[in-house]
Amino acid sequence: MNLSAPWHRYAKRFTHLAALLTLSSLSLTALAAPLDQSKIQFIGPLAEDMQAKPFQTPHGDVIINNLLAQLESNKESFVVFGKKHKWQPLDKINALTLGGLQALKFNIETNRFTQGSLNIKGIEQGQVFINGEKQSGENQRYQLALNNGSHTVIVIAQQVANWNDVTLEFVPKAETDAVTLTTNKTKRLSAKQLFDAPTISGLSLSPDAKHYLSTTKRYSDKTGNDAITTTELKNTNNQTVYRFEEAQPSQFTWSPDNQFLVYLLNGELKQLNRKTFAIKTLASGLEGASNFSYYNDNSILFSWSKSPEETNSLTKHHKGLQDRWSYARTVSQLYLLDAHSGLTKALTEGVLSHQLEDANSNRGKLLISRPVMAMQASTHPETELVELTLKSNSIKSLGKFKTFNQAKYTANNIYVVAGPDFKNGAGRVLPQTMLANNYDGQLYLLTDNAKKVTALSKQFDPAIGTLEVLSNGDALIKVTEKDTQPLYLYDLSKQRFKKLDTGFDIVEQFSFSNTRNTQLLLSGSNASSAQQLKRFDVSKNKVELIWDSNPIAYANTTIPKLEEFNFTNKRGVEISGRVYLPSNIDKTKKHPALVYYYGGTSPVTRGFTGRYPFNLWAANGYVVYVVQPTGATGFGQTFSAQHVNAWGDYTADDIMQGTEAFLAKYDFVDRSKVGNLGASYGGFMTMLLATKTDMFSASIAHAGISNLTSYWGEGWWGYLYSGEASKNSFPWNNSELYSQHSPVFHADKVTTPLLLIHGDSDTNVPVGESLTMYTALKLLNKDVEMIEYKGADHQIFARDKRFNWWNTMLAYFDKKLKNEPQWWDSMYGQ
């Protein structure tokens, strides 16, 4: 059994199943209870003429595993060796013995973490699977530990003497442990679905829009932490014309003449002919190369990085502030490769890394950004924007900027994405007394050889993110707009923004053609709908669905209901939020709730899933309130600017006022059972709130900041983030900000039970931030727990750690908010 799965505590042993439940969904309690055979489905005999059963061969496990997917499907029947087999109730089977294989299937519902024993009598040789995982047992007895949710049990029988003697029975560990058999095919959302579901991880549309590439990845119990990845080339009819079967390629780029697709594979640059599918190797030994793009039909631009060899294994002499970063001494330069001869020439050199922003082969120029110095002692390091003329190999500086994100050519001018303070505050729409939040991206146009700047987004509240330029000079931009991330088209001639109706709350990736009528290929999701892949015709404003993960991974799954919930705070500002409700919630009863926030400089977006699965929490019986407090981008410059030098002042008030407003409207929420949680800046907010209020009954801080000074000095990017969050404020000139806004300085005020979670390899917010708070609260004899994830950085990515992490959070809240400590105790002891 894979101990990394979210049901890793489910059981390794099942025991004896027996007889009838008279009701369609009867819960089983303290005493051993037989399971209703009318709720158990039977199929067989499968391949009744087989001479040797799988267990009698050296390949038995493989044979059974290959059959399992068919048994787990919701199909009423399927064909084996030309014979159709149909599922039927077990109590209708009267056979004494059968050849081949037989299988049983039943669905279990649990309303809490449940433990007990499943006992099977009468099956001499068989295997038991729960949610696709094989269970270990002795004498056909299997110990269960089932998370709150829906579970599919498959029993594959290879040897049965008499089916009339086959019984199945559940023996609960305690009176509170109960299971319910159901024939309902609809199930609750599970962690496994959210993580293992196939997703589009990469996409690219050809310039002529006649082909596209999509890379799909998924996970399974068999592969564990390793993703199963497939990259396919498809035509306009969505038919696969080429599939990359072996090692997965990356760094795709299309030739402007539409003849070739180029990609990187195992350090080799390959060229695929789109008509003949012949493959040619253009260059080898390209380890460290990235960002390939055609400059013209015959040559390819790319970046090539080189890290210096380690000369001293005992010490490291820091060369500057950035030298704390493991990659700080890696230098990346630009190169041009001739696609015919394979000859490569360097375009830039020196100790400074150069990054390609854009290329214009008609003008023979490249737009490049580079740091002003290799190591800069500044909270706002300067970036220099330069233009390289290839024919003369001359570089012209277009300016040095302390706020800069991206630049692209448009005709003879240049688009720039940067903060409001770009070019001496050209994008500001704030009172002079307010400091801008430069994470709030703005769009600019540089004209007259970059001497003149025009702010294009002053009256546009969404924060500008990714920028691409169409062949007609208009800009395609992905923005943050409140808690969504849509696409907008900026019409340069009319100087206006137009929102594209893609049907997504969150556009994740997009690629575009250079055809007259621009085509888009984009992936995305909504708060209550999983990822899809679409084609979008910009001129016709027409969208076509190409691929949908919902029927693949979420068929017959109940998705929690979503409601919008905004309130006006005491300062008269509307604060956005949303509420996830458990399916079929009984509003005549009281229910526990969770309040989630970030509070940093960006909102909590509406993606279907992610690191914090709101839909999963609601499926586990919690009413979930997501609030977007003051300081986030996407709501206008004034809103985001209040993040600066606040460190929780406005944010804490919004969260507390929002929670009160939420509880007033949703009166079926139990005020005494409200938990709160956040990560990173949100983890800081959880700690800070614990010093300000006792309105929460349990709190979780993941990778939170307890001491602003230590985070500022020790986090890899602490001083840079603080350059905005604590602009112009340092421990020596504003000690009150750094101390009085640090939760650990008020640890004695904490009364709420608190769980601290941290990766022990976190470079962003070092684990010491949680250890500091843990030490303080332990010495103060407070109710505090701490869980460290070994080898984890700021985020929990690995499948085994992710499932354990999700389980840990739910188990903690179950213990504190539902008075159900069993799950937590099973994971961490009493």
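Residues numbered from 1 in each chain as written. Predicted model: local features only at pLDDT ≥ 70, side-chain atom pairs only at ≥ 80, totals over all residues. Heavy atoms only, no water.

Describing the overall build of the protein chain
Secondary structure summary: the protein chain contains 14 helices and 54 strands in total. Over its C-alpha trace the protein chain gives a radius of gyration of 30 Å, about what one expects of a compact globule, namely 28 Å for 830 residues. C-alpha atoms of the protein chain, sized along the principal axes, occupy 90 × 70 × 60 Å. Per-residue burial for the protein chain yields a buried fraction of 57% across its 830 residues. For the protein chain, the proportion of contacts with a sequence separation of at least 24, taken over those separated by at least 6, is 63%. Of the roughly 35000 Å² that the protein chain leaves accessible, carbon and sulfur atoms contribute 47%. Each charge class in the protein chain was averaged separately, 84 positive and 77 negative side chains, and the resulting centres sit 3 Å apart. (Helix = DSSP H or I, 4+ residues; strand = E, 2+ residues; numbered from the N terminus. Rg over C-alpha atoms; globule rule 2.2 N^0.38 Å. Buried < 20%, exposed > 50% of the residue type's maximum accessible area, 1.4 Å probe, protein only. Contact = heavy atoms within 4.5 Å. Areas by Shrake-Rupley, 256 points an atom, 1.4 Å probe, with all protein chains shown as cover. Lys, Arg positive; Asp, Glu negative; His and termini not counted. Charge placed at Lys NZ, Arg CZ, Asp CG, Glu CD.)

Observations regarding the pattern of salt bridges
The full count for this structure, using the stated rule, is 30 salt bridges. Its salt-bridge partner being K83, residue E48 comes within 2.9 Å of it at the nearest N-O pair. Linking E48 in the loop between β3 (41–46) and α1 (60–72) with K83 in strand β5 (residues 83–86), this pair joins segments that are 35 residues apart in sequence. A residue is classified by how much of its surface remains accessible, and E48, at 44% relative accessible area, is partly exposed. Looking at K83, the relative accessible area reads 40%, which means it is partly exposed. Notably, a salt bridge pairs D323 with K316, separated by 4.0 Å at the nearest N-O pair. Exposure remark for D323: the relative accessible area of 1% places this residue in the buried category. One network of salt bridges, in which partners are shared, links D483, D505, E564, R578 and R606. (Salt bridge = Lys/Arg side-chain N within 4 Å of Asp/Glu carboxyl O.)

Let's talk about the packing of aromatic side chains
What the rule picks out here adds up to 53 aromatic pairs. Note on Y596 and Y612: the rings are 5.0 Å apart at their centroids and 35 degrees apart in plane angle, and the pair reads as tilted. Within this pair, whereas Y596 is found in strand β49 (residues 591–596), its partner Y612 is found in the loop between β49 and α5 (614–619), the two being separated by 16 residues in sequence. We note that Y596, like Y612, is buried. Look at W712 and Y738: their rings are 6.3 Å apart centre to centre, the planes differ by 75 degrees, and that puts the pair in the edge-to-face class. Here W712, found in helix α9 (residues 708–714), pairs with Y738, found in helix α11 (residues 735–740); they are 26 residues apart in sequence, far enough to count as distant. In this structure Y738 comes out as buried when scored by relative accessible area, which is 3%. Three or more aromatic residues joined by ring pairs make a cluster, and in this case those are Y580, Y596, Y597, Y612, F614, W617 and W805. Taking NZ or CZ as reference, K534 lies 4.3 Å from the ring centre of F504, over its face. (Phe/Tyr/Trp six-rings, centres within 6.5 Å; stacked < 30°, edge-to-face > 60°. Lys NZ or Arg CZ within 6 Å of the ring centre and 35° of its normal.)

A short note on unusual backbone geometry
Of the consecutive residues G44 and P45, the connecting peptide bond is found in the cis state with omega at -5 degrees. Turning to its location among the elements, P45 is positioned in strand β3. Unlike most non-glycine residues, N238 shows phi in positive territory, near 65 degrees. Mapped onto the elements, N238 comes out in the loop between β18 (228–235) and β19 (240–244). According to the relative accessible area criterion, N238 is partly exposed, its value standing at 24%. Its identity as a non-glycine residue notwithstanding, N819 has a phi of 55 degrees, on the positive side. Structurally, N819 can be placed in the loop between α13 (799–817) and α14 (822–828).

Quick word on the side chain of D548
Note on placement: D548 falls in strand β43 (residues 542–548). No salt bridge is formed by the buried D548; the nearest opposite charge belongs to K534, separated by 8.7 Å. A distance of 3.2 Å separates the side chain of D548 from the side chain of Q532, its partner in a polar contact. At a separation of 2.7 Å, a polar atom in the side chain of D548 contacts the side chain of N550. In this view, D548 contacts Q531 and Q532; residues no more than four positions away in its chain are not counted. (Polar contact = N/O pair within 3.5 Å; in protein donor to acceptor, adjacent residues only side chain to side chain.)

Comments concerning the pairing of strand β9 (residues 123–130)
The buried count for β9 comes to six of eight residues, which makes it a mostly enclosed element. Relative to strand β12 (residues 149–160), β9 runs antiparallel, the two sharing seven bridges. In the strand pairing of β12, Q127 is matched with I156. In terms of strand pairing, β9 meets strand β10 (residues 133–134) through two bridges, oriented antiparallel. From the neighbouring strand, I130 faces β10, where its bridge partner is E133. Hairpin connection, β9 to β10: the antiparallel pair is bridged by two residues, and N131 has positive phi, about 50 degrees. (Pairing = 2+ DSSP bridges.)

A short note on the sheet that holds strand β33 (residues 413–418)
The strand order across the open sheet formed by four strands is β32-β33-β34-β35, and the pairing between neighbours is antiparallel. Both edges of this open sheet fall to β32 (406–410) and β35 (452–455), since each of them pairs with a single strand only. On average, adjacent strands in this sheet sit at an angle of 25 degrees to one another, irrespective of strand direction. Relative to strand β34 (residues 442–447), β33 runs antiparallel, the two being bridged by five bridges. By the bridge assignment for β34, V416 is matched with Y444. (Axes fitted to C-alpha atoms, helices over the stretch in contact; angles between N-to-C directions.)

As for the sheet that holds strand β28 (residues 355–360)
Read across the open sheet, the four strands follow the order β28-β29-β30-β31; overall the sheet is antiparallel. In the strand order of this sheet, the two ends are held by β28 and β31 (394–401), each with one partner. On average, each strand axis in the sheet is inclined to that of its neighbour by 20 degrees, with strand direction left out of account. As judged from the five bridges shared by β28 and strand β29 (residues 365–371), these two strands associate in the antiparallel manner. Each bridged residue has a counterpart across the sheet, and for N360 the counterpart in β29 is K365.

Some points on helix α12 (residues 768–779)
Over its twelve residues, α12 runs 16 Å from end to end, which matches the ideal 16 Å to within 8%, given 1.5 Å per residue. Of the surrounding secondary structure, the elements contacted by the buried residues of α12 are α8 (681–690), α9, β53 (754–759) and β54 (784–789). Following α12 by one or two positions, N781 has its phi on the positive side, about 60 degrees. (Expected span 1.5 Å × (residues − 1).)

Quick word on helix α7 (residues 649–665)
The terminal C-alpha atoms of α7 lie 25 Å apart, and with 17 residues this matches the ideal 24 Å at 1.5 Å per residue to within 8%. Those residues of α7 not exposed but buried are T651, A652, D654, I655, M656, G658, T659, F662 and L663.

Observations concerning the side chain of K727
Within the fold, K727 resides in the loop between α10 (718–725) and α11. A residue is classified by how much of its surface remains accessible, and K727, at 7% relative accessible area, is buried. Contacts of K727, omitting those with residues within four sequence positions, involve H380, D421, L435, A436, N438, V644, N645 and S722.

So, the confidence of the model for the protein chain
Confidence in the prediction of the protein chain, expressed as mean pLDDT, is 93, and 96% of residues score 70 or more. Contacts from residues 1–30, a stretch scored under 50 in pLDDT, to residues over four places away or in other chains number 150 contacts. (pLDDT = per-residue confidence, 0-100.)

Section: the environment of V579
Position of V579 relative to the elements: it lies in strand β48 (residues 577–581). For V579, a relative accessible area of 0% puts it in the buried group. Spatially, the C-alpha atoms of V579 and L594 are 9.8 Å apart, while their sequence positions differ by 15 residues. When near neighbours in sequence (up to four residues on either side) are disregarded, V579 contacts K561, L562, E563, F565, V623, V624, Y625, F662 and Y666.

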